[in-house]
Amino acid sequence: MQLDVVTLFPQWFDWFSEQRHVANALAAGNELRALDLREHTPLSGGQVDDTPFGGGAGMVLRVDVMDHALRGFYGIDPVDLRRERRVIALTPGGRILDEALVNELAAEPAVTLLCGRYEGFDERIVQHFCSDAVSIGRYVLAGGELAAMVVCDAVLRKLPGALGHADSAAEESFSAALGGDPEYPHYTRPADYRGWNVPDVLLSGHHEEIRRWRRARSRERGATGGA
C-alpha cells in the first residue's frame, strides 16, 4: 500500500520509518511518504494558517493551502482525490481508531493522513477533501503527527512481512481469534521470582488446557474492560 502523511514536520517520520516492523513493511514494497504541507503553499513566507473567523485564540490551517498542497502532491483536484484513495483528517472529534478501522485501512491500496496543527483544520478541508475524520482518542495533542504515527504503526504491522512471523498478529488483543477481547497474560523465565509463580497450567505442556486457560483469561479481561 501507499501510506502518505501530509505534515508540517516531515523529518519527524525519519525515526519512525527506521522501526523494524515499519522497515520490514517498506522492504516488502509498501510506501510511507511524509509530504511537506509548506512545499506548495501559495502564501509568502511559507504561511499555512490564519486567524479564525468569529475570533478566538489560536490559528487554523487554511483550506486554500491544503488545496494547493494536495494538487501539488497528486496532480488532481482534492475534491476528486478522495474517490481515488482514502483521505483522512486526524482530528479529536473524528471516528475513534479501533481494530475494525485499522483492518479497513490495512486493506486499502492508498491512504493519505492529514495532520492538524494549531487549532486544527478549516472545516472545509474536512468536508470537501476528506473521506474520513479519525481520532486516536478523546483528548487533544499539539498536532496530528503523533496520531499519524499511531495510525501508521497500527496499519503497517498488519501488512504481510511486517512482523517477521505470519502468526504474530493473528492472536492478539481485539483480534477475531480472541473474539475482540484483550489478549491473555504472558509469562517467561524465571518461573518463580520473589515468590511470584507462573500459573501451573502454562508449565504443564498440555496445549489444549493452555488454550482454554488463555481464552478464559482473555474473556475475563474483556468483561472487566481490559484490566
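Above: the structure in question.
What you are looking at is a predicted structure, and each value in this text was computed from that prediction instead of being measured.

A. Region of interest: the side chain of aspartate 122. If you trace the backbone, aspartate 122 turns up in the loop between strand E6 (110–115) and helix H6 (123–129). Separated by 2.6 Å, the side chains of aspartate 122 and arginine 124 make a polar contact. What aspartate 122 contacts, discounting residues up to four positions off in sequence, is Val60, Leu61, Arg62 and Val63.

B. Structural context of the nonpolar core. Leu90, Leu113 and Leu156 are the most contacted members of the largest nonpolar core, which totals 29 residues. For this core, the secondary-structure elements that each account for two or more residues are strand E1 (2–7), helix H1 (12–17), helix H2 (20–27), strand E5 (86–96), helix H5 (99–106), E6 and helix H7 (145–156). Sequence-distant contacts of leucine 113, defined by excluding residues within four places in its chain, comprise Leu3, Asp4, Val5, Val6, Ile88, Leu90, Ala148, Val151 and Cys152. Ranked by size, the runner-up nonpolar core spans 22 residues in total, among them Met66, Tyr74, Leu114 and Ile125.

C. Focus on the sheet that holds strand E7 (residues 132–135). Read from one edge to the other, the open sheet built from 5 strands follows the order E2-E1-E6-E5-E7, with strand pairing classed as parallel. This sheet does not close on itself; its edge strands, each paired only once, are strand E2 (31–36) and E7. Neighbour to neighbour, the strand axes of the sheet diverge by 30 degrees on average, direction disregarded.

D. The pattern of salt bridges, seen in detail. Within the structure shown, the criterion is met by 18 salt bridges. A salt bridge links arginine 33 to aspartate 4; the shortest N-O distance between them is 2.7 Å. Of the two residues, arginine 33 sits in strand E2 while aspartate 4 sits in strand E1, which places them 29 residues apart along the sequence. A residue is classified by how much of its surface remains accessible, and aspartate 4, at 0% relative accessible area, is buried. Members of the salt-bridge network, linked through shared partners, are Arg86, Arg95, Glu104, Glu108 and Asp132.

So, how was this worked out
- Residues numbered from 1 in each chain as written.
- Predicted model: local features only at pLDDT ≥ 70, side-chain atom pairs only at ≥ 80, totals over all residues.
- Heavy atoms only, no water.
- Helix = DSSP H or I, 4+ residues; strand = E, 2+ residues; numbered from the N terminus.
- Polar contact = N/O pair within 3.5 Å; in protein donor to acceptor, adjacent residues only side chain to side chain.
- Contact = heavy atoms within 4.5 Å.
- Core = buried A, V, L, I, M, F, W, Y, C linked by side-chain atoms within 4.5 Å.
- Buried < 20%, exposed > 50% of the residue type's maximum accessible area, 1.4 Å probe, protein only.
- Pairing = 2+ DSSP bridges.
- Axes fitted to C-alpha atoms, helices over the stretch in contact; angles between N-to-C directions.
- Salt bridge = Lys/Arg side-chain N within 4 Å of Asp/Glu carboxyl O.

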